[in-house]
Amino acid sequence: DAMVIQNPRYQVTQFGKPVTLSCSQTLNHNVMYWYQQKSSQAPKLLFHYYDKDFNNEADTPDNFQSRRPNTSFCFLDIRSPGLGDAAMYLCATSRDVSGDEQFFGPGTRLTVL
Amino acid sequence: QQQVKQSPQSLIVQKGGISIINCAYENTAFDYFPWYQQFPGKGPALLIAIRPDVSEKKEGRFTISFNKSAKQFSLHIMDSQPGDSATYFCAASLLPGKSTFGDGTTLTVKP
């Protein structure tokens, strides 16, 4: 089945230790998104790629970076995680940016010790 | 400035009842209004969506009512079931397609 896959599902890291979260999709969608969702809050868009075109949200901290080496994969790099970065990180895709449905992965729960 | 305001924050409904969740938006340029359902530990999943050229859309027990002049839209869940217990997010999308989410409503349907 076509889907959005996130690995790992749970990630524990230490304060300040870089961490990478991965997302892959079999939908062949052009757009991939990364969201941060804290407990009992709405998903907050960090950035999105339209194909290879990277679009950063104005309020996304520099601590967060992303890479999209090909259509199927997208990575979220947190260079120096702080306690406030503990959250669920959601990857999503859409066929295009014209308001199409976004398909979300199951998320990666990040814990920062 | 929050562009999409959602209410209530939490909702408790008896099985078989009607659940109603409301959203209001600011930006009249929004052109796509989806509702997402999220179960604990899962990513959001699209439930139903509407575009501003229609006032209502129904899919099974789920209906979106859309009031363009009031800049409001709502989700109605008919014959609510315990399996509907989840967090519901409304969203509004503006080209180039980024969704702005409401703060979510936690729905509990009691048997």
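Conventions adopted
Residues numbered from 1 in each chain as written. Chains lettered and ligands numbered in written order. Predicted model: local features only at pLDDT ≥ 70, side-chain atom pairs only at ≥ 80, totals over all residues. Heavy atoms only, no water. Helix = DSSP H or I, 4+ residues; strand = E, 2+ residues; numbered from the N terminus. Rg over C-alpha atoms; globule rule 2.2 N^0.38 Å. Contact = heavy atoms within 4.5 Å. Areas by Shrake-Rupley, 256 points an atom, 1.4 Å probe, with all protein chains shown as cover. Lys, Arg positive; Asp, Glu negative; His and termini not counted. Charge placed at Lys NZ, Arg CZ, Asp CG, Glu CD. Buried area = accessible area lost by both parts, 1.4 Å probe. Salt bridge = Lys/Arg side-chain N within 4 Å of Asp/Glu carboxyl O. Polar contact = N/O pair within 3.5 Å; in protein donor to acceptor, adjacent residues only side chain to side chain. Nonpolar A, V, L, I, M, F, W, Y, C, P; charged D, E, K, R; others polar. Phe/Tyr/Trp six-rings, centres within 6.5 Å; stacked < 30°, edge-to-face > 60°. Buried < 20%, exposed > 50% of the residue type's maximum accessible area, 1.4 Å probe, protein only. Pairing = 2+ DSSP bridges.

Draft legend 1. Examining the overall build of chain B more closely. Helix and strand counts for chain B stand at zero helices and eleven strands. Walking chain B from its N terminus toward its C terminus, one meets helices and strands in the order β-β-β-β-β-β-β-β-β-β-β. Computed over its C-alpha atoms, the radius of gyration of chain B comes to 13 Å, within 12% of the 13 Å expected for a compact globule of 111 residues. Dimensions of chain B, computed from the C-alpha atoms along their principal axes, are close to 40 × 30 × 20 Å. Excluding contacts between residues fewer than 6 apart, the proportion of contacts in chain B whose partners are at least 24 apart in sequence is 52%. Accessible area of chain B: about 5300 Å², with a carbon and sulfur share of 50%. Each charge sign in chain B was given a centre, from 11 positive and 8 negative side chains, and these centres are 3 Å apart.

Draft legend 2. A look at the interface of chain A and chain B. Each side of the interface is counted separately: chain A has 22 residues, and chain B has 19 residues. Counting the surface lost from both chain A and chain B, the interface buries some 1500 Å², and carbon and sulfur atoms represent 54% of this. Counting across the chain A and chain B interface gives zero salt bridges. Across the contact surface, chain A and chain B share three residue pairs in polar contact (both at pLDDT 80 or more). Of all the secondary structure elements, the ones that give two or more residues to the side of chain A that touches chain B are strand E4 (31–37), strand E5 (44–50) and strand E9 (87–94) of chain A. Looking at the side of chain A that touches chain B, the element that brings in the most residues is E4(A), giving three residues. Class assignment of the residues belonging to the side of chain A that touches chain B gives a composition of ten nonpolar, eight polar and four charged.

Draft legend 3. The arrangement of the packing of aromatic side chains in detail. All names here are of chain B. Evaluated as defined, the whole model comprises 20 aromatic pairs over all chains. Judged by centre distance (6.5 Å) and plane angle (80°), the ring pair of Phe 30 and Phe 33 falls under edge-to-face. A ring pair is formed by Phe 89 and Phe 101, whose centres lie 6.2 Å apart and whose planes are at 85°; its orientation type is edge-to-face. With Phe 89 in strand E9 (residues 86–94) and Phe 101 in strand E10 (residues 98–101), this pair connects stretches of sequence that are twelve residues apart. When sorted by exposure, Phe 89 lands in the same class as Phe 101, which is buried.

Draft legend 4. Highlighting the pairing of strand E8 (residues 73–78) of chain A. Residues and elements named next belong to chain A. Counted residue by residue, E8 has five buried out of six residues, so it is predominantly covered. Note that strand E3 (residues 19–25) and E8 share six bridges and pair antiparallel. Bridged to Val 19 within E8 is Ile 78. Of the strand pairs in this sheet, strand E7 (residues 64–67) and E8 are connected by four bridges, and their pairing is antiparallel. Paired with Gln 65 across the bridge in E8 is Asp 77.

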